[in-house]
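# Close look at the chain arrangement
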Amino acid sequence: MNDMTLGNRNMKQKTQASDHVPFRGGGFLIDEGGRRGVSTLAIVLLIAAWQLASGLGLINPAFLPSPFKVLETLYDLALTGQLWADCSASLFRIIVGWSIGTALGLAFGVLMALSTIVRNVGKPLVAALFPIPKIAVLPLLILWLGVGELPKVTVIAFGVFFPTVISTYTSIDNVPRNLIRMAQSFGVPLRTIVRSILLPGALPGIVAGMRISTGYSLTIIVAAEMIAAEHGIGSFIMLAGTLFRSDQLIAGVVLLAIIGLTIDRILSVLENRWFRWR
Amino acid sequence: MLMQIDIAEHRYGSLLVLDNVQFSIASGEIVCVVGPSGCGKSTLLSILGGLVQPTNGSVSYSGQSQTDCLNDLTYVFQDFALLPWLTVRENIRFVLRHHALDPATCDRKIDDVLARTGLTSFAQAFPKQLSGGMKQRVGIARALVVRPQVLLMDEPFSALDAQTRELLTADFLDLWLREKITAVHITHNLAEALTLADRIIVLSRRPGRIKKIVEVTVPKAQRLTAEGQTELVALREELWSLIKDEAVLANQEVTA
C-alpha cells in the first residue's frame with residue numbers, strides 16, 4: 001500500500017517536472033572520425049609543456065634533455081650518417097625476419113585450420129612455445145648460427161611466427177561455415193574454397209594479427225641488438241646509456257616510436273584499401 | 001520422375017531425426033515441406049542435395065541430359081550465403097569460375113540472370129549495401145545461373161520481413177510461371193507454401209515422419225487472385241489443424 005502511494009507520487013512529480021523525454025545515452029558510441037585534431041593537439045601540448053619545463057630549468061637536462069636538444073641530436077646523427085646506418089640495420093633485420101616469420105606462420109596457420117592432425121600436433125606446441133620470451137633463445141641461436149645477421153633475423157622470425165599462426169587459424173575458424181557449404185554445394189573445388197573464401201574471409205583477422213607481430217619484432221630486435229650487435233637502434237641506445245648521453249637515449253626511443261607509427265599507418269592504409277566491403 | 005527420396009531413418013548420434021520419409025519429385029513441380037521447428041526439415045534438404053549422408057536410405061536422381069546445366073541440385077540458403085567481399089556480379093560469377101566457360105559466355109549468363117531477377121542496376125553493389133530482400137534475389141540469381149534441375153530452397157524467405165517475404169514469394173511465383181522450375185521449398189510459412197506448392201509435405205515433430213501429403217489443385221496463375229485466395233482458405237485450415245497439435249507438442253518438448 002505504501003509502495004503504491006509512493007509510486008504514484010513519483011509519477012506525478014515526474015510528469016509535472018518535464019513533458020518531454022530526456023536523452024538518456026546512446027550506448028557509449030565512439031565516433032572514430034570525429035574530433036581528429038584532438039589527438040595531434042594532445043601530443044603538441046605535451047611536447048610544449050616538456051619544452052617549457054626544460055626552458056624554465058625545472059628539469060635537469062642530464063636526465064631529460066629538452067625536445068629541441070633531442071631534435072638537434074637527431075639532426076647531428078643524420079649528418080654523420082650514423083642515424084641511417086643504425087636505422088637501416090634494424091629495419092633490414094625486421095623486414096627480413098618479419099617476412100619469413102609471417103610467411104611460415106601463415107602457411108602453418110592455414111594447415112592448422114584445415115587439417116585435424118596438424119591442429120592436434122600444432123596446438124600444444126604453439127601453446128608451449130608462444131609464451132617463451134624469444135630473446136631467451138638468442139644465445140642458443142648465436143651458438144648455432146654464429147654472430148652475424150642470421151641469429152637476429154631468426155629470432156625475429158621465431159617471435160613473429162607464433163602470433164601469426166594463432167591469428168591465422170583463429171581467423172579462418174571464424175569464417176562462416178555456411179559460405180563453405182555454399183561453395184561445396186556448387187561443386188567449387190577445395191583449392192578455390194581456400195583461396196577465394198577462407199583467405200579473404202580471414203584476412204581482416206590476419207592483418208589485425210600483423211599489428212601485433214610488427215610490434216613484437218620491434219621489441220625483439222632492440223633487445224637482440226642490445227645483447228649482440230655493432231649497428232642497430234638497440235646497440236645505439238645501449239651505447240648511449242653507457243656514455244650517459246641522455247639526449248641520444250631519448251633520440252633512440254623517439255626513433256622507435258616513429259618506426260612503430262609508420263608501420264601502423266601502412267597497415268591502416270592497407271586495411272582501408274582491402275576491406276572496403278566491411 | 002526426377003527425384004526419388006527414400007530415407008528409412010536418419011540419426012544424429014542416437015537421436016532419431018527422420019523416420020521413414022519417402023516421396024518423389026516430378027519435373028516442373030514445386031514441393032513444399034512444412035512442419036514444426038526441429039522436425040528435421042533442413043536436415044532433409046541437406047540430404048537431398050548431398051551435403052549430409054542419410055544414416056539409412058538413399059536419394060536417387062535421374063536428370064535428363066540438359067546441356068547447359070552446370071549444377072543439378074542447387075541450394076538457395078536462408079542466410080543468403082553471399083561472399084561479403086565480392087560485388088553482386090562477382091558473387092554470381094563465383095559459382096561459374098570453375099566451369100571452363102569463356103568470359104563472354106560467362107558475362108552473357110550473368111547479365112541474363114541479373115535481368116530475370118531484377119538486379120541489373122545492382123550488379124556493382126556489395127552485399128552490405130543491399131536490403132535482405134535484394135540479398136536473397138542475389139541468392140536466387142546465383143542459383144539460377146547454373147541452370148539447375150532442382151532448386152533446393154532452405155527457408156529462403158524466413159530471414160526477411162513480412163512484406164518483403166510476400167513480394168519475393170510473388171516474384172518467385174512469377175518466375176515459375178515463366179520458367180517452370182523444379183524446386184523443393186522448405187518453409188514454416190503456410191501462406192508461402194500455399195502460394196507456391198503443387199504438393200505440400202507435412203512433417204510431424206521430431207522424429208520427422210510424413211504426416212500427410214496435401215495436393216494444392218488451384219492453378220498457380222490464380223493463387224494470388226481473390227478467387228484463388230478464397231479457394232485456398234479451406235486448405236489452409238486443414239494444414240493448420242495438421243500442424244497445430246504437432247507445433248504445440250514440439251514446443252512443450254523444447255521447453256521441458
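Just so it is clear, the model here is predicted, and its values are computed rather than measured.

Attention now moves to unusual backbone geometry. Residues and elements named next belong to chain B. Of note, the bond from Arg-206 into Pro-207 is cis; its omega dihedral lies within 30 degrees of zero at -5°. By secondary structure assignment, the location of Pro-207 is in the loop between strand E8 (199-203) and strand E9 (210-215). Here the phi dihedral of Arg-147 falls at roughly 50°; this positive angle occurs in a residue that is not glycine. Along the polypeptide, Arg-147 turns up in the loop between helix H4 (132-145) and strand E6 (150-154). Despite not being glycine, Glu-155 shows a phi value in the positive range, around 40°. With respect to the helices and strands, the residue Glu-155 is situated in the loop between E6 and helix H5 (162-179). Residue classification places Glu-155 among the buried residues on the basis of a relative accessible area of 10%.

This brings us to the sheet that holds E8(B). Residues and elements named next belong to chain B. Here we have six strands laid out as an open sheet, ordered E5-E6-E7-E3-E8-E9, and mixed in their pairing. The open sheet has two edge strands with one neighbour each: strand E5 (73-76) and E9. Direction aside, neighbouring strands of the sheet carry axes that sit 20° apart on average. Bridge count for E5 against E6 is four bridges, and the pairing is parallel. Note on E6: the bridge partner recorded for Val-76 is Met-153.

Another point: the layout of surface pockets. All names here are of chain A. Space inside the largest pocket adds up to approximately 550 Å³. The wall of the largest pocket is formed by 16 residues, among which Ile-43, Ile-47, Trp-50, Val-254 and Ile-258 lie closest to the centre. Contributing elements (two or more residues each) for the lining of the largest pocket: helix H2 (37-55), helix H3 (67-80) and helix H11 (246-274). When residues in the lining of the largest pocket are grouped by element, the largest group, six residues, is from H2. Classifying every residue of the lining of the largest pocket by side-chain character gives 14 nonpolar, two polar and no charged.

Attention now moves to the packing of aromatic side chains. Residues and elements named next belong to chain A. Throughout the structure, instances matching the rule amount to six aromatic pairs over all chains. Judged by centre distance (6.3 Å) and plane angle (65°), the ring pair of Trp-274 and Phe-275 falls under edge-to-face. On the accessibility criterion, Phe-275 (9% relative accessible area) is buried. A network of ring pairs unites the aromatic residues Phe-108, Phe-158, Phe-161 and Phe-162 as a single cluster. Between the NZ or CZ atom of Lys-134 and the centre of the ring of Phe-158, over which it lies, the distance is 5.9 Å.

With respect to the secondary-structure elements, Arg137(B) resides in helix H4. On the basis of relative accessibility, which here comes to 18%, the residue Arg137(B) falls in the buried class.

Attention now goes to the interface of chain B and chain A. The partner chain A presents 18 residues to the 22 residues of chain B that form the contact. Across the interface of chain B and chain A, roughly 1,900 Å² is buried in total on both sides, 69% from carbon and sulfur atoms. Area buried by chain B at its contact with chain A is led by Trp85(B), Phe94(B) and His98(B), which between them contribute 34% of it. Taken together, the connections running from chain B to chain A amount to zero salt bridges. Our enumeration of links across chain B and chain A arrives at six residue pairs in polar contact (both at pLDDT 80 or more). Only E5 and H4 of chain B provide two or more residues apiece to the side of chain B that touches chain A. With three residues, E5(B) is the largest single contributor of residues to the side of chain B that touches chain A.

Calculation notes
- Residues numbered from 1 in each chain as written.
- Chains lettered and ligands numbered in written order.
- Predicted model: local features only at pLDDT ≥ 70, side-chain atom pairs only at ≥ 80, totals over all residues.
- Heavy atoms only, no water.
- Helix = DSSP H or I, 4+ residues; strand = E, 2+ residues; numbered from the N terminus.
- Buried < 20%, exposed > 50% of the residue type's maximum accessible area, 1.4 Å probe, protein only.
- Pairing = 2+ DSSP bridges.
- Axes fitted to C-alpha atoms, helices over the stretch in contact; angles between N-to-C directions.
- 1 Å grid on protein atoms, 1.4 Å probe; cavity = no way out; pocket = protein on both sides within 12 Å on 5 of 7 lines; lining within 4 Å.
- Points joined across faces, edges and corners; volume = space filled by probe spheres on them.
- Nonpolar A, V, L, I, M, F, W, Y, C, P; charged D, E, K, R; others polar.
- Phe/Tyr/Trp six-rings, centres within 6.5 Å; stacked < 30°, edge-to-face > 60°.
- Lys NZ or Arg CZ within 6 Å of the ring centre and 35° of its normal.
- Contact = heavy atoms within 4.5 Å.
- Buried area = accessible area lost by both parts, 1.4 Å probe.
- Salt bridge = Lys/Arg side-chain N within 4 Å of Asp/Glu carboxyl O.
- Polar contact = N/O pair within 3.5 Å; in protein donor to acceptor, adjacent residues only side chain to side chain.

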